[in-house]
Amino acid sequence: MPVMKLASRTAPRRALSLVSAPIILAAVALSAPAALAQQNAADTPQSISPPLPPTKQNKPPVIMYYLLAAAIVFLVVGVNTIPSKRGHQD
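Residues numbered from 1 in each chain as written. Predicted model: local features only at pLDDT ≥ 70, side-chain atom pairs only at ≥ 80, totals over all residues. Heavy atoms only, no water.

A.B. asks: When you look at the overall build of the protein in this model, what are you seeing that I'm missing?
C.D. replies: A count of helices and strands for the protein gives 2 helices and 0 strands. Relative to its full complement of 90 residues, the protein shows a buried share of 0%. Carbon and sulfur atoms provide 69% of the accessible area of the protein, an area that totals close to 9300 Å². (Helix = DSSP H or I, 4+ residues; strand = E, 2+ residues; numbered from the N terminus. Buried < 20%, exposed > 50% of the residue type's maximum accessible area, 1.4 Å probe, protein only. Areas by Shrake-Rupley, 256 points an atom, 1.4 Å probe, with all protein chains shown as cover.)

Structure follows, in structure tokens:
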């Protein structure tokens, strides 16, 4: 009989923890956006400097893109043209 008493004592605690865990998790998840939205004193508009303008705009290497695309197409076509030596196994 002591086993039954032990099980009956731990069942309410287990049920309470199963109920309270999602409630605590929901409270933390709902309060996180409010905490993240608060501004620091250092982030005031006076202390933030504007971003620097870009110094040089590089042109994309179009020739490299075409060579890479041609290599991929060549590999795909080459692999598909390899014969698969499957014979009939009657």
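A.B. asks: What exactly am I supposed to notice about a nonpolar patch on the surface here?
C.D. replies: Where nonpolar side chains cluster on the molecular surface, the patch consists of Ile63, Met64 and Leu67 and spans about 350 Å² of accessible area. Here Met64 is to be found in helix α2 (residues 62-81). (Patch = residues over 30% accessible without salt bridge, like charges linked within 9 Å, V, L, I, M, F, W, Y side chains within 5 Å. Salt bridge = Lys/Arg side-chain N within 4 Å of Asp/Glu carboxyl O.)

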